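Given next are the chains, with one letter for each unit.
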Amino acid sequence: MLKLHGFAVSNYYNMAKLALLEKGLPFEEVLFFGGQKPEALKVSPRGKVPVLETEQGFLSETDLIIDYIEQTQPGKALLPKDPFARAKVRELAKEIELYIELPARACYPQSFFGMQVPDAIKAKARDELIAGIETLKRNGRFSPYVAGDSLSMADLFFCFSVDLAWAVGKKVHDLDLLEDFPQARALLEQFRNNPNVQKILADKEAQMPAFLDMVRSGKR
């Protein structure tokens, strides 16, 4: 059986988890916080989550994990068969990761953990987030999913990145990134009604108090 190593507060872990759930696959969750200790680096070379444990060994990096699942497991397709359509899905996922998730991440400490982020970093993140959302407006189809009429890998990144970016915009920049992006708002609402997403968010909420205690104690 596949084993997914990570923790429920991680949005990247939740992207991989949603892929497994949407494909209807059996899997085991293994609590793993990563880090730089030797035992963690044996599982994840960079000490990051998530990690997928297979019969052949460990795989890290979320997009590669999803790609491996797609190539080796049955269930709902998360990537189109057509090469160009498949590349477009990957393009959208990468744009969401690089131009929305990563700039938002720079402000996570202030948005969610009560820490302060330097003004220069916040200003840079704000500009990059605005540009990232504009990129998604131009390139996404939202009919109703990011890349078209069916859920894809791009939606996994969207679901667990754009929601956090929106929260960062409101909390740190007093900015509604989705104010004139009704298609994205509608898709986020659609995901909130998805039973698999609801399960993931319930698991995240249940783990959040312990995770916050760990962050505040400096253990993470």
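Residues numbered from 1 in each chain as written. Predicted model: local features only at pLDDT ≥ 70, side-chain atom pairs only at ≥ 80, totals over all residues. Heavy atoms only, no water.

Engineer: Looking at this model, I keep getting lost on the overall build of the protein. Mind explaining?
Structural biologist: Looking only at helices and strands, the protein has 10 helices and 4 strands in total. Going from the N terminus to the C terminus, the protein shows its helices and strands as β-α-β-α-β-β-α-α-α-α-α-α-α-α. Against the 2.2 N^0.38 benchmark of 17 Å for 220 residues, the protein shows a C-alpha radius of gyration of 17 Å, consistent with a compact globule. The buried share of the protein, reckoned over its 220 residues, is 49%. Carbon together with sulfur atoms contributes 54% to the accessible area of the protein, which is approximately 11200 Å² in total. Looking at the protein, you have 29 positive and 30 negative side-chain charges, and the mean spots of the two groups are 3 Å apart. (Helix = DSSP H or I, 4+ residues; strand = E, 2+ residues; numbered from the N terminus. Rg over C-alpha atoms; globule rule 2.2 N^0.38 Å. Buried < 20%, exposed > 50% of the residue type's maximum accessible area, 1.4 Å probe, protein only. Areas by Shrake-Rupley, 256 points an atom, 1.4 Å probe, with all protein chains shown as cover. Lys, Arg positive; Asp, Glu negative; His and termini not counted. Charge placed at Lys NZ, Arg CZ, Asp CG, Glu CD.)

Engineer: How should helix α6 (residues 119-139) be read in this particular structure?
Structural biologist: Quick reminder: α-helices carry 3.6 residues per turn. Residues three or four places apart thus point the same way. In a regular helix each residue adds 1.5 Å, so 21 residues correspond to 30 Å; α6 covers 30 Å between its end C-alpha atoms and thus fits that length. For α6, every residue scored as buried is listed here: Lys122, Ala125, Leu129, Gly132, Ile133, Thr135, Leu136 and Asn139. For α6, the angular spread of buried residues about the axis comes to 155 degrees, placing them on one side. Along α6, the residues that are exposed and aim more than 90 degrees away from the buried face are Asp119, Ala120, Lys124, Asp127 and Arg138. On its buried face, α6 is in contact with α4 (83-105), α5 (108-112), α7 (153-159) and α8 (162-173). (Expected span 1.5 Å × (residues − 1). Arc of directions from axis to C-beta. Contact = heavy atoms within 4.5 Å.)

Engineer: How should the pairing of strand β1 (residues 2-6) be read in this particular structure?
Structural biologist: It is a general feature of regular strands that their side chains alternate between the two faces of the sheet. Of all 5 residues in β1, 4 are buried, a share of seventy percent or more. For β1 and strand β2 (residues 27-31), the ladder comprises 5 bridges, and the chain directions are parallel. Paired with His5 across the two strands is Val30, which belongs to β2. As paired elements, β1 and strand β3 (residues 51-54) share 3 bridges and run antiparallel to each other. Looking at the pairing, His5 lines up with Val51 of β3. (Pairing = 2+ DSSP bridges.)

Engineer: For this particular structure, what's the right way to read the UniProt feature "domain: GST C-terminal" (unreviewed entry) in the protein?
Structural biologist: The UniProt entry lists residues 82-210 under the feature "domain: GST C-terminal" (unreviewed entry), expressed in the numbering used here. Spanning residues 82-210, this segment combines 74% helix with 0% strand, and its end C-alpha atoms are found 44 Å apart. (UniProt positions renumbered as here; feature names shortened; annotations may be inferred.)

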